[in-house]
Amino acid sequence: MAELRRITIFDTTLRDGEQSPGASMNLTEKLEIAQALCELGVDVIEAGFPIASPGDFEAVRLISQKIRGTTICGLARCNPQDIDRAWEALKAAEQPRIHVFLATSAIHREAKLRMTREQIIERAREGIRRAVGYCDDIEFSPEDAARTEHDFLCQVVEAAIDAGATTVNIPDTVGYALPAQMGETIAMLRERVPNIDRAVLSVHCHNDLGLAVANSLAAAENGAGQIECTINGIGERAGNAALEEVVMAIRTRGDQLQCSTGIETTRLVPTSRLVASVTGLQVQRNKAIVGRNAFAHEAGIHQAGMLRDCRTYEIMQPRDVGLGHSDLVLGKHSGRAALNDRAKALGFHLTGEQLQEVFEEFKTLADKKKQIYDGDILALIEKRLHEAIEAGWTLVSFDTACGTVRPPRARLTLRRGDREFTEEVAAGDGPIDAVFRVIETITDKQLRCKDFEARSATVGRDAQGEVTLEIEHEGIVCRGRGVSTDTVEATIRAILNAVNRIEAGLAQRQTAAEESVPTTP
Ligand code: KIV
Ligand code: ZN
């Protein structure tokens with residue numbers, strides 16, 4: 001069998017993914033995700049847009065210092081300040097890449113940039129040459145390439161390669177392309193651009209029409225050597241191509257696509273869960289590959305077929321993507337070693353201290369709940385990891401009452417640093433509203449709840465409840481997540497998680513105003 005062409009997987013969860021409304025992450029969370037992406041085996045991690053904010057700069061710098069064995073990339077517009085700043089953040093990386101972008105479509109040239117075609121080509125050349133002065137690995141993206149006239153796109157791509165770009169990325173910035181068109185564009189560039197062999201052709205597809213993965217695969221079929229994607233498909237507006245879908249399509253249909261990736265697919269589900277947990281952007285149940293129902297068989301006919309031979313209704317095995325088979329696992333008498341084994345099977349490598357903390361909570365939970373499922377263990381680990389990285393407000397204790405007779409009441413004690421604050425209200429539409437009011441008073445913030453979702457992490461009446469919500473304060477929208485067997489407690493934890501992110505956002509906004517930095521692309 002002919003050797004399959006190896007596609008470079010470029011992950012932009014930390015850059016384009018973070019542009020999902022409410023998905024901002026703090027420094028420690030970004031580093032944690034970068035580590036997970038490295039273990040997943042992605043070839044390039046786009047760690048951020050260094051000039052966009054001091055937080056972005058720090059994240060790219062820290063990831064460049066700490067992550068080894070993969071390329072770390074930073075985004076820059078096509079101007080000296082952006083490129084210099086990107087390099088400043090990237091220079092400690094083992095394998096740095098500067099990603100320079102400039103819009104090329106008529107609508108962007110005329111309405112946004114007010115530049116002629118010649119000026120665009122000249123600006124692209126200058127930017128790439130400046131980046132080449134810093135490192136050998138340079139990516140150039142003609143933003144909105146999918147809506148750019150073919151003749152002009154060919155000229156830009158040729159000029160970019162001539163100036164030193166080693167990867168040329170073709171973004172479908174607004175998710176407008178259809179699969180056949182995306183494939184044709186890649187084939188056309190390969191045929192018409194004389195120096196195309198000197199660079200890797202890449203694609204970056206947005207999902208506005210739900211076609212990001214299909215478009216990326218069509219590009220790969222037509223010779224693209226790199227696909228840009230994000231975990232769970234998060235990203236600007238409707239998001240980007242989902243990494244797990246791209247990778248599993250290539251693995252499952254390599255026969256047709258004639259290519260492969262270097263991704264360790266058993267890490268897909270753990271990485272997906274980590275990103276969902278950190279961003280608060282939950283994955284829909286029927287989401288391909290990583291959704292809760294992705295491997296669930298409901299119809300009797302399907303179940304009967306599965307029992308005879310799972311290939312009747314399964315084109316991939318759950319374990320290929322990191323889903324364990326057994327669900328009911330541990331109980332009250334299980335020890336630390338059994339818990340550690342289960343954590344490893346779920347994809348988490350806990351340190352001795354983390355294991356001890358999770359084990360203590362596990363014992364408490366086992367006293368409350370008869371049966372401990374994988375979902376429970378995941379929730380405990382994620383909660384521990386969150387709390388370990390969370391700075392700001394934490395819950396000390398709470399007491400609520402509600403009913404149809406008296407107004408709801410909530411009394412909360414919160415900690416910030418080494419100080420504790422207690423407040424009580426007897427008002428509101430219910431216990432959750434009362435809790436919101438107390439938190440508003442203690443934190444001195446007006447909180448607008450824009451989205452609230454409660455679900456159970458496992459099955460049964462005693463299951464742990466998982467609350468995810470979205471809160472707005474002074475124009476900053478952040479998501480938060482909390483887990484507990486008590487839904488009110490899960491809600492309080494989720495609100496505090498969001499408030500802490502909002503406070504980080506307020507601090508960043510303040511620094512940005514002082515330094516006057518640009519907004520993201
Ligand atoms: O969607 C887009 O065009 C981008 C570029 C910066 C690559 O994200
Ligand atoms: Zn994008």
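Predicted model, so just to flag it, every value in this text is computed and none were measured.

Undergrad: Help me get a handle on the coordination of the zinc ion (ligand 2), residues and values and all.
TA: Working reference: metal with six octahedral donors, ideal angles 90 or 180 degrees; metal with four tetrahedral donors, ideal angle 109.5 degrees. Binding of the zinc ion (ligand 2) to the protein goes through D16 (OD), H204 (NE2) and H206 (NE2), at separations of 2.0 to 2.1 Å. Residue D16 is classed as buried on the basis of its relative accessible area, which comes to 3%.

Undergrad: How would you explain the site of ligand 1 if you had to name every residue and give the values?
TA: By nearness alone, every residue bordering ligand 1 is listed as R15, D16, H99, F101, S141, E143, N169, P171, T173, H204 and H206. Residue D16 places a side-chain N or O atom 3.1 Å away from an oxygen atom belonging to ligand 1. With respect to ligand 1, the side chain of H206 contributes an N or O atom lying 3.0 Å from an oxygen atom. Classifying every residue of the shell around ligand 1 gives 2 nonpolar, 6 polar and 3 charged.

Undergrad: A description of the packing of aromatic side chains should follow, citing residues and the corresponding values.
TA: Inspection of the entire model under this criterion finds 4 aromatic pairs. Ring centres of F49 and F101 lie 6.3 Å apart, and the angle between their planes is 65°; this geometry places the pair in the edge-to-face category. One end of the pair, F49, is in the loop between β3 (44–48) and α2 (54–66); the other, F101, is in strand β5 (residues 95–103), with 52 residues separating them in the sequence. Between W87 and Y134 the ring centres are 5.6 Å apart and the planes differ by 10°, which places this aromatic pair in the stacked class. Placement of the pair is W87 in helix α3 (residues 80–90) and Y134 in the loop between α5 (117–132) and β6 (138–143), with a sequence separation of 47 residues. Residue classification places W87 among the buried positions, given a relative accessible area of 16%. Residue Y134 is classed as partly exposed on the basis of its relative accessible area, which comes to 31%. Over the aromatic face of F57 sits the side chain of R85, whose NZ or CZ is 3.7 Å from the ring centroid.

Undergrad: Give me the lowdown on the packing of helix α6 (residues 150–163) against helix α7 (residues 179–192), citing residues and values where you can.
TA: Taken N-terminus to C-terminus, the directions of α6 and α7 make an angle of 55°; their axes are 10 Å apart at the nearest point. Classified by the angle their axes make, α6 and α7 are oblique. Pair α6 / α7 crosses with right-handed handedness. Where α6 abuts α7, its residues H150, D151, L153, C154 and V157 lie against T185, M188, L189 and R192.

Undergrad: Would you mind going over helix α16 (residues 431–443) in detail, with residue names and values included?
TA: Under the 1.5 Å per step criterion, the end-to-end length of α16 is 18 Å for 13 residues, consistent within 8% with the ideal 18 Å. Those residues of α16 that sit buried are P431, A434, V435, F436, V438, I439, I442 and T443. Count one or two residues on from α16 and you reach D444, which has phi positive near 55°.

Undergrad: An account of the domain arrangement of the protein chain is needed here, citing residue identities and associated values.
TA: Looking at the assigned domains, one finds that the protein chain contains domain 1 (7–279), domain 2 (295–320), domain 3 (328–386) and domain 4 (393–510). Look at where the C-alpha atoms of domain 2 and domain 4 centre, and you get two points 41 Å apart.

Undergrad: Account for the sheet that holds strand β17 (residues 465–473), naming residues and giving values.
TA: Sheet architecture is open: 3 strands sit in the order β16-β17-β18, paired in antiparallel fashion. The open sheet terminates on both sides in strands that have one partner only, identified here as β16 (448–456) and β18 (476–484). Averaged over all pairs of adjacent strands, the angle between strand axes in this sheet comes to 15°, irrespective of strand direction.

Undergrad: Any details on the environment of D374? Residues and values, ideally.
TA: Within the secondary structure layout, D374 lies in helix α15 (residues 374–389). A relative accessible area of 9% places D374 in the buried class. Measuring from C-alpha to C-alpha, the distance between D374 and R479 comes to 24 Å, with 105 residues separating the pair along the chain.

Undergrad: Break down the pairing of β17 for me, with residues and values.
TA: Most of β17 sits out of view: 9 of its 9 residues are buried. Note: β16 against β17, 8 bridges, orientation antiparallel. Looking at the pairing, E453 lines up with T468 of β17. Alignment of β17 against β18, held across 9 bridges, turns out to be antiparallel. Bridge pairing in β18 places I471 opposite C478. Between β17 and the antiparallel strand that follows it, β18, lie 2 residues; E474 among them carries a positive phi value of about 45°.

Undergrad: Tell me about the side chain of T13, residues and numbers included.
TA: Looking at the secondary structure, you find T13 in the loop between β2 (8–11) and α1 (27–40). Assessed through its relative accessible area of 0%, T13 is described here as buried. Only 2.9 Å separates the side chain of T13 from the backbone nitrogen of I231, close enough to count as a polar contact. When sequence neighbours within four positions are dropped, the list of residues in contact with T13 reads E18, M25, C229, T230, I231, I234 and V275.

Undergrad: Quick one: what's the story with α6, residue by residue and with numbers?
TA: Between its first and last C-alpha, α6 extends 20 Å over 14 residues, near the 20 Å set by a 1.5 Å rise per residue. Where α6 is buried, its residues meet α4 (106–113), α5, β6, β7 (167–172) and α7. G164, located one to two residues past α6, shows a positive phi value of around 125°.

Undergrad: Pulling in residues and values, what's your account of the pattern of salt bridges?
TA: Pairs can form between side chains of opposite charge once their charged atoms are near each other. Within this structure, the stated rule accounts for 38 salt bridges. As a salt-bridge pair, E424 and R411 come within 3.3 Å of each other at their nearest N and O atoms. Placement of the pair is E424 in strand β15 (residues 419–425) and R411 in strand β14 (residues 409–416), with a sequence separation of 13 residues. Since its relative accessible area comes to 39%, E424 is described here as partly exposed. One network of salt bridges, with partners in common, ties together D399, R409, R411 and E424.

Undergrad: A description of unusual backbone geometry should follow, citing residues and the corresponding values.
TA: Even without being glycine, R114 reaches a positive phi, approximately 50°. Along the chain, R114 turns up in the loop between α4 and α5. Positive phi is not limited to glycine here, since E474 has a value of about 45°. Looking at the element boundaries, E474 is found in the loop between β17 and β18.

Conventions we followed
- Residues numbered from 1 in each chain as written.
- Chains lettered and ligands numbered in written order.
- Predicted model: local features only at pLDDT ≥ 70, side-chain atom pairs only at ≥ 80, totals over all residues.
- Heavy atoms only, no water.
- Donors = N, O, S within 2.8 Å, 3.2 Å for Na, K, Ca; no water.
- Buried < 20%, exposed > 50% of the residue type's maximum accessible area, 1.4 Å probe, protein only.
- Near = heavy atom within 4 Å.
- Polar contact = N/O pair within 3.5 Å; in protein donor to acceptor, adjacent residues only side chain to side chain.
- Nonpolar A, V, L, I, M, F, W, Y, C, P; charged D, E, K, R; others polar.
- Phe/Tyr/Trp six-rings, centres within 6.5 Å; stacked < 30°, edge-to-face > 60°.
- Helix = DSSP H or I, 4+ residues; strand = E, 2+ residues; numbered from the N terminus.
- Lys NZ or Arg CZ within 6 Å of the ring centre and 35° of its normal.
- Axes fitted to C-alpha atoms, helices over the stretch in contact; angles between N-to-C directions.
- Parallel < 35°, antiparallel > 145°, perpendicular 65-115°, else oblique.
- Left-handed = near helix turned anticlockwise from the far one by under 90°.
- Contact = heavy atoms within 4.5 Å.
- Expected span 1.5 Å × (residues − 1).
- Domains from an automatic or database assignment.
- Pairing = 2+ DSSP bridges.
- Salt bridge = Lys/Arg side-chain N within 4 Å of Asp/Glu carboxyl O.

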